[in-house]
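Structural features, examined
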2 protein chains.
Amino acid sequence: MNQFEQLKERLSEVGLKATQQRMVIFHSIMTSKNHPSAENIFEQVKSSNPSLSLATIYSTLETLVDKGLVKKVLVKDGVMRYDAHIGTHNHIYCTNTSEIIDFEDEELNQMIKKFLASKNIENLNIKDISLHIEGEKIDKRKSVKIN
Amino acid sequence: MNQFEQLKERLSEVGLKATQQRMVIFHSIMTSKNHPSAENIFEQVKSSNPSLSLATIYSTLETLVDKGLVKKVLVKDGVMRYDAHIGTHNHIYCTNTSEIIDFEDEELNQMIKKFLASKNIENLNIKDISLHIEGEKIDKRKSVKIN
DNA sequence: TCTTAATTAGGAATCATTCTTATTTAAAAA
DNA sequence: TTTTTAAATAAGAATGATTCCTAATTAAGA
Ligand SMILES: [Mn+2]
Ligand SMILES: [Mn+2]
Ligand SMILES: [Zn+2]
Ligand SMILES: [Zn+2]
């Protein structure tokens, strides 16, 4: 099964028609390393799909989020960002470059999850837990490294 | 020193003129239990201050955030919320009521801080760390309780 | 191939927030 | 206390991300 068929399958699995637009948009988010915004995806996609509209990007993103294929990532700059990495993980947001950097650490996830389980939280059905780290990149040209 | 004088002092401390508007707005956030939005504050304040404009609310909030007297709280509904509780603490966001509930736990804060210190993160000057818990309130009439 | 409900394109509308500018004011100086 | 003036505000306009509307298109099942 090629990549195209795999995308089709993932859409069908959640009960969505495998339209060209959805394939293209979903593929774009999946292959982006940048937690793209709707506008970013639009730019990325429009040269090879000139008739695809921005409204479709927004509505498709909403659909993919509803079906759990994509997650929204909040940042303080007023533009929603999207992430095809669905598993529990955390983010570093660089205020001076607008980068969102994945911070994956299973030990941290487990530690937080265990801690929260130990406090029982009444009358809440928890859907998502994530740690937000916000900071300034010191040298904008270099990347942030975690050891 | 009365409450009025205290507000005045806190503004002066950070080099801000103690204007009527700033006093009123700052006081409103401080006494709100609800992580209010700009609009919420405007509603709260306008009957006793009919000439205070929404633009002043926004610009004052920005100023207070800059000076570190107030923090922004992000949520997925497209409206910025504000918090006069400056110390490190975490938030629970109820997607079905839009409530933001404080989750204060010094043990958790320390645990996360210590963990992050142990991974050294290169080329980043960390400004803020916060854990976001998102979920649905089960019974909307009751409150979320943490034990 | 036909049918049809779901989806999309494109433009208009919304609405939270920011901007602009004339007017007002807090607070320092006289 | 009065004067001075840089900073702050009011009011409305502008912005921009997102959502809405509706006629045209299309995926997928019959
Ligand atoms: Mn967040
Ligand atoms: Mn907006
Ligand atoms: Zn991510
Ligand atoms: Zn809080």
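We now turn to the structure provided with this report. In this text, all values refer to a predicted model and were calculated from it rather than measured experimentally.

So, about the protein's contact with DNA strand C. Every one of the 18 residues lining DNA strand C counts as a neighbour, but Thr19(A), Thr56(A), Ala18(B), Tyr58(B) and Met80(B) are closest to it. Near the protein, meaning within 4 Å, the atoms of DNA strand C are sugar or phosphate in a fraction of 76%, with bases accounting for the rest. Within the side chain of Tyr58(B), one N or O atom sits 2.4 Å away from a phosphate oxygen of DNA strand C. Going through the elements one at a time, α2 (20–31) and α4 (54–66) of chain A together with α4 (54–66) of chain B are the ones with two or more residues in the surface near DNA strand C. It is α4(A) that contributes the most residues to the surface near DNA strand C, 3 residues altogether. Of the residues in the surface near DNA strand C, the class split is 7 nonpolar, 8 polar and 3 charged.

We now examine the layout of surface pockets. Put simply, the largest pocket is a space of about 850 Å³. Contributing to the lining of the largest pocket are 38 residues, with Lys76(A), Glu134(A), Lys71(B), Lys72(B) and Asp128(B) lying nearest its centre. Mapped by element, the contributors of at least two residues to the lining of the largest pocket are β3 (90–94) and β6 (124–137) of chain A together with α4, β1 (71–73), β3 (90–94), α5 (106–118) and β6 (124–137) of chain B. The residue inventory of the lining of the largest pocket, partitioned by class, reads 16 nonpolar, 11 polar and 11 charged. The calculated volume of the second largest pocket comes to roughly 630 Å³. Along the walls of the second largest pocket sit 30 residues, with Lys71(A), Lys72(A), Asp128(A), Lys76(B) and Glu134(B) positioned nearest its centre.

Attention now goes to the interface of chain B and chain A. Chain B puts 41 residues into the contact, and the matching count from chain A is 42 residues. Contact with chain A buries surface across chain B, with Lys76(B), Phe115(B) and Asn123(B) losing the most and accounting together for 16% of the total. Across the contact surface, chain B and chain A share 4 salt bridges. Linking Lys119(A) and Asp105(B) is a salt bridge whose minimum nitrogen-to-oxygen distance equals 3.2 Å. Summed over the shared surface of chain B and chain A, the result is 24 residue pairs in polar contact (both at pLDDT 80 or more). Listing elements by their share of the side of chain B that touches chain A, those giving two or more residues are β3, α5, β5 (121–122), β6 and β7 (145–146) of chain B. For the side of chain B that touches chain A, the element with the most residues is β6(B), which contributes 14 residues.

Okay, the relation of the copies chain B and chain A next. In the superposition of chain B on chain A (RMSD 0.1 Å, axial shift 0.0 Å), the rotation amounts to 180°. On the angle and the small slide along the axis, the relation comes out as a two-fold axis. In terms of C-alpha distance to the rotation axis, chain B has Leu131(B) as its closest residue, with the C-alpha 2.1 Å off the axis.

Further remarks concern the coordination of the zinc ion (ligand 3). All names here are of chain A. Coordination of the zinc ion (ligand 3) by the protein involves His 35 (NE2), Asp 83 (OD), His 89 (NE2), His 91 (NE2) and Asp 102 (OD), with metal-donor separations of 2.0 to 2.2 Å. Counting gaps between the donor residues of the zinc ion (ligand 3) yields the pattern H-x47-D-x5-H-x1-H-x10-D. By relative accessible area, His 89 is classed as buried at 5%. For His 91, a relative accessible area of 13% puts it in the buried group.

So, how was this worked out
- Residues numbered from 1 in each chain as written.
- Chains lettered and ligands numbered in written order.
- Predicted model: local features only at pLDDT ≥ 70, side-chain atom pairs only at ≥ 80, totals over all residues.
- Heavy atoms only, no water.
- Near = heavy atom within 4 Å.
- Polar contact = N/O pair within 3.5 Å; in protein donor to acceptor, adjacent residues only side chain to side chain.
- Helix = DSSP H or I, 4+ residues; strand = E, 2+ residues; numbered from the N terminus.
- Nonpolar A, V, L, I, M, F, W, Y, C, P; charged D, E, K, R; others polar.
- 1 Å grid on protein atoms, 1.4 Å probe; cavity = no way out; pocket = protein on both sides within 12 Å on 5 of 7 lines; lining within 4 Å.
- Points joined across faces, edges and corners; volume = space filled by probe spheres on them.
- Contact = heavy atoms within 4.5 Å.
- Buried area = accessible area lost by both parts, 1.4 Å probe.
- Salt bridge = Lys/Arg side-chain N within 4 Å of Asp/Glu carboxyl O.
- Least-squares fit on C-alpha atoms with pLDDT ≥ 70 in both.
- Donors = N, O, S within 2.8 Å, 3.2 Å for Na, K, Ca; no water.
- Buried < 20%, exposed > 50% of the residue type's maximum accessible area, 1.4 Å probe, protein only.

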